[in-house]
Structure formats: C-alpha cells, structure tokens
Amino acid sequence: LRIDGEGVIPQEFEKACRRNSVKALYLMPTGLGPTAAMMSRPRREALVEIAERHDILIIENDAWGPLCPDRPTPISALAPTRSFYFTGFSKCVMPGLRAGYLVVPERFEAAAASRHLVTNWMATPLIADIADRWIKDGTCEKLLRWQMTALAARNQLASQMLDGIEFCASPNGMHIWLPLPEPWSEDAFAAHARLNGVAVAQGANFALGDHDIPAGVRICIGAASADALERGLATIARLVRSQPEPALLTL
Ligand SMILES: Cc1ncc(COP(=O)(O)O)c(C=O)c1O
C-alpha cells in the first residue's frame, strides 16, 4: 500500500479492501522500516475504522515501540478483538535476548498457540526464563533506559552531522531515513557509499508492489561504534551534497 509521512494512507487501504479480498493489514506504526514514520492517533483510528467496516484483521509489529514511551496508543489497543500485537526484547533490551510477546484476540488464542507449536515448538526456555527474571528484578527496565539514552545520543549526533539535510527519524529510533535529492538514484548512492566504506540499505529493498516509491536510503545508527557512526555520517553528508558520478572504482 502507498504510504506518506505517517505510514499507510487510509484511502489506499480502503481502495485495496474494495478491490481485493484483503485478509489482514500488517503495520509498523511506530518507527516504520525503512522510513522511520510515526503514525498519529487519528491515522491509527482511521485505519481501525476501515478494518472494522471490512472485517479485516490487523497485525501490529511494535518491535521497537517500547523505546518510544510517548508514542500514541498501539493500534491493537484500539481494536483488541481483531488485532495481533507483538514486540520483543531483541531491539529494546539486547539483541541476544531473542524472545517476544504476541497478544492475540481471545477467539484466536487456540489457533495462535497451535500454530506457534507447529512452527516454533516453544520459546527457547532458557532465554524465556532469563527474560522473565530480568523483568521481575528490574534489569530489563534498566537495559531499556540504557538503550534509550544511547539511541538519543546517536540521533543527536545524526542531527549534527546531517545538519541542513532533510531526513526522517524518531528521538530514540534505531535507523533514519534519508530521502535522496535529485539526481541521486538509490543504486548510485549505495554504490558510492560502499566505495567509501559505508553500507546503507536502499528503500527499494523494502518495497512491495510496482508503484513508484521515492528514492531514499535507510541508515542504521545502532550497530556501529560511535566513532564509526560519526565517520559514516560524515561520508553520507559529503555524498548528499555532491553530484553523483559513475562509481567506476566499484567495477
Ligand atoms: C521489522 C522488524 N521486526 C521485528 C524485528 C525483531 O525480530 P526478533 O525479535 O526476532 O529479533 C526486527 C529485527 O530486525 C525487524 O527488523
């Protein structure tokens, strides 16, 4: 579905519902990958209203939502009888703690449990036990705060390094979206960045369907060391401000 600065456009969802036999709407309303868009409460309500009218299920990925404590109410809380909500620890607490939660409408509890059984057997018990203990003794909360502080500092660094360049981010987000100014293409920009030692993800890799999408790249700000991030962002800022040349040295 087409998106704008807030994510899925309600009219596009409505059109799809009228045209096709849509079964479910998959959304990431807080910090959408790759555009880092944050969906407002009115947008969330508009999508819920359409889903209710057409009797469509909603799957809400809130993998990094807890990093943004003042985000609007999750869509699943607006439509609990038709929504599947999930989040986990790997983004918000630490990557090695790979366990998560799925909240399902009551009528799907048995179905969700048996599908989980046939596809995953069970959550890895040791990891689930560690997560459970760390929630109860406050370790998870502490790690979440640490992660929020570290990401806020990195977002600030990105704002400084990309000063004067238009980009989209959220205050504790893990990635930023950089729309590419004309005449840069995603291919050319990614090739030049790689040639300079920086890997960025092209927007086209995240897109489905054949509609036009605006050119842009996703820049991950969470994984590299702070020094490497600063150098990488300096390279990106220099590239955005220059004209694309064929990246001959990649040949
Ligand atoms: C879009 C999206 N959702 C969810 C996750 C979290 O996955 P997991 O909890 O399995 O590590 C990721 C991790 O990269 C992701 O990119």
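Not measured: the values here are computed from a predicted model.

Caption draft 1: Region of the structure containing the nonpolar core. Counting 22 residues, the largest nonpolar core has Leu178, Phe189, Val200, Ile219 and Ile236 as the members making the most contacts within it. Contributions of two or more residues to this core are made by α7 (139-161), β7 (175-179), α8 (186-195), β9 (216-220) and α9 (226-240). Looking at this core, the element that brings in the most residues is α9, giving six residues. Core analysis: the next-biggest nonpolar cluster, separate from the first, contains 17 residues, Met28, Leu67, Ala99 and Met174 among them.

Caption draft 2: Structural view of the side chain of His175. Mapped onto the elements of the fold, His175 is located in strand β7. His175 sits in the buried class, given a relative accessible area of 5%. One polar contact links the side chain of His175 to the main-chain carbonyl oxygen of Leu32, over a distance of 3.3 Å. Sequence-distant contacts of His175, that is, excluding residues within four places in its chain, are made with Gly31, Leu32, Gly33, Pro34, Thr35, Ala36, Trp64, Arg218, Ile219, Cys220 and Ile221.

Caption draft 3: Region of interest: the sheet that holds β9. Reading across from one edge, β7-β9-β8 is the order of the three strands in this open sheet, with antiparallel pairing throughout. A strand with exactly one partner marks an edge of an open sheet, and here the two such strands are β7 and β8 (201-202). Pairing of β7 with β9 involves five bridges; the strand directions are antiparallel. Note on β9: the bridge partner recorded for Trp177 is Arg218.

Quick notes on the rules
- Residues numbered from 1 in each chain as written.
- Predicted model: local features only at pLDDT ≥ 70, side-chain atom pairs only at ≥ 80, totals over all residues.
- Heavy atoms only, no water.
- Core = buried A, V, L, I, M, F, W, Y, C linked by side-chain atoms within 4.5 Å.
- Buried < 20%, exposed > 50% of the residue type's maximum accessible area, 1.4 Å probe, protein only.
- Helix = DSSP H or I, 4+ residues; strand = E, 2+ residues; numbered from the N terminus.
- Polar contact = N/O pair within 3.5 Å; in protein donor to acceptor, adjacent residues only side chain to side chain.
- Contact = heavy atoms within 4.5 Å.
- Pairing = 2+ DSSP bridges.

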